[in-house]
Amino acid sequence: MITIKGLSKIFHTKDQDVRAVDDLSLEINKGEIYGVIGYSGAGKSTFIRLLNRLEDPTEGSIWVDDQNLTSMNKGKLRLARQEIGMIFQHFNLLWSRTVHDNIAFPLEIAGVPRAERQKRVNDLIELVGLKGRGGSYPSQLSGGQKQRVGIARALANNPKVLLCDEATSALDPETTDSILDLLVDINEKLGLTIVLITHEMHVIRKICHQVAVMEQGKIVEQGEVLDVFLHPQRQVTKKFVDQVMGDPEKETSMQVIKNNYEAGEIIRLHFVGESTNQALISEISRKFTVDVNILHGKITQTQKGAYGTMYVQFEGEQDEINRAIHYIQSTSVEVEVDPDA
Ligand SMILES: Nc1ncnc2c1ncn2[C@@H]1O[C@H](COP(=O)(O)OP(=O)(O)OP(=O)(O)O)[C@@H](O)[C@H]1O
């Protein structure tokens, strides 16, 4: 759906030239939720603004659905932009217009006849869960409701791509989750391709299929979310993964666990991906004469299944413990005996 080749943006300021986006190339497939994560100043906002040419690139090309956005004149660009919706951190609603009229605005600009406009707005209000609020003004809505209006407005012209610029950063955690759920719902219902930028790994974990990590204008790491969670290569990526998972080693020293639980074996279980399920624990205690003590750990969900680490203690006859470990080795859960050895 989107192909980016050699994209750069240099801002010329009085004192210096800033290379905000530096020779960036990537492919985003149709129907994918693609997240770009980075710390402040990494170049995320510039990147997403280049995608619909709110900024003009210094170098490189952007193709959206086989159209080269970078070589378009203003007239063609205006039409092409109707295929790319965008939502913003601070919603960017028109305060003097009702919810209904905010959503109708892009349809008016596109010249959609009144009756058709009416129906489309009502459908959109329903889609984003704002039924009954069409007559309200933005000042009468909560942050989450305002972002729902922003989403409905962005979808008005049936875009193929939705760009999200830190769309949940101004919202509390619970509202963030409800907006993220709505984005997944829209992605699944409409097959919409979604590109989002964020500084929160929680957002990536919860809804993205693919992630790119940005640092100093470049993409330094990229891949399926679960892969990046499992094998983060760069220091910056490890820090983002720790945002969600914590670092079990840092939080609880293995030595403390060992001192407290001297009997049996201490085992680290690493849960990865869709075939994983935590029924493993009850299965072990049913199949083998082994007591399982859960000591410490964290499991989280991604779009591709569960991921995380758990420390357990197996108590019983050594032979039985060995058989239980052998059994786990035959499943998709990775197992490590005496993890600190
Ligand atoms: N209009 C501009 N003129 C000059 N420099 C700019 C401009 N816009 C961005 N920059 C610079 O480009 C770099 C990348 O900024 P950008 O806003 O894209 O990063 P970001 O990752 O989105 O950070 P944040 O999350 O803080 O917005 C920064 O060094 C910034 O100062």
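So, here is what we can say about the structure in this document. Values in this document were obtained by computation on a predicted structure and should not be read as measured data.

Cut-offs and rules
Residues numbered from 1 in each chain as written. Predicted model: local features only at pLDDT ≥ 70, side-chain atom pairs only at ≥ 80, totals over all residues. Pairing = 2+ DSSP bridges. Helix = DSSP H or I, 4+ residues; strand = E, 2+ residues; numbered from the N terminus. Near = placed C-beta within 6 Å. Nonpolar A, V, L, I, M, F, W, Y, C, P; charged D, E, K, R; others polar. Axes fitted to C-alpha atoms, helices over the stretch in contact; angles between N-to-C directions. Contact = placed C-beta atoms within 7 Å. Core = buried A, V, L, I, M, F, W, Y, C linked by C-beta atoms within 7 Å. Buried ≥ 20, exposed ≤ 12 C-beta atoms within 10 Å, placed from the backbone. Domains from an automatic or database assignment.

### Focus: the pairing of strand E4 (residues 59-64)
Of the strand pairs in this sheet, strand E1 (residues 2-12) and E4 are connected by five bridges, and their pairing is antiparallel. The residue of E4 that forms the bridge with Thr3 is Trp63. In the sheet, E4 pairs with strand E5 (residues 67-68) via two bridges, with the strands oriented antiparallel. Within the sheet, the bridge partner assigned to Val64 lies in E5 and is Gln67. A loop of two residues connects E4 with E5, the two strands running antiparallel in sequence, and Asp65 in this loop sits at a positive phi of about 50°.

### Details of the site of the ligand
Within the structure, the ligand sits among 13 residues, and Phe11, Ala20, Ser40, Ser45 and Thr46 are positioned closest to it. Among the elements of the structure, strand E2 (17-28) and helix H1 (44-51) are those that each provide at least two residues to the shell around the ligand. Of the residues forming the shell around the ligand, the biggest block, three residues, is contributed by H1. Looking at the shell around the ligand residue by residue, the class counts come to four nonpolar, eight polar and one charged.

### Notes on the sheet that holds strand E9 (residues 210-215)
If you trace the six strands from one edge of the open sheet to the other, you get E6-E7-E8-E3-E9-E10, paired in mixed fashion. Looking at the sheet topology across the chains shown, the edges are occupied by strand E6 (84-88) and strand E10 (218-224). Averaged over all adjacent pairs, the angle separating strand axes in this sheet is 15°, with direction ignored. Bridging between strand E3 (residues 33-37) and strand E8 (residues 193-198) involves five bridges; their strand directions are parallel. By the bridge assignment for E8, Ile37 is matched with Thr198. Its contacts with the sheet put helix H9 (residues 235-245) on E3, E9 and E10, and the angle it makes with E9 is roughly 125°.

### Looking at the nonpolar core
Soluble, globular proteins show a tendency: their nonpolar side chains are buried together. Counting 83 residues, the largest nonpolar core has Ile103, Ala152, Leu163, Ile194 and Val195 as its most contacted members. Residue contributions to this core reach at least three from each of two domains, namely domain 1 (2-244) and domain 2 (248-337). Among all residues touching Leu163, those that are not within four sequence positions of it are Ile48, Leu51, Asn52, Ile84, Met86 and Val195.

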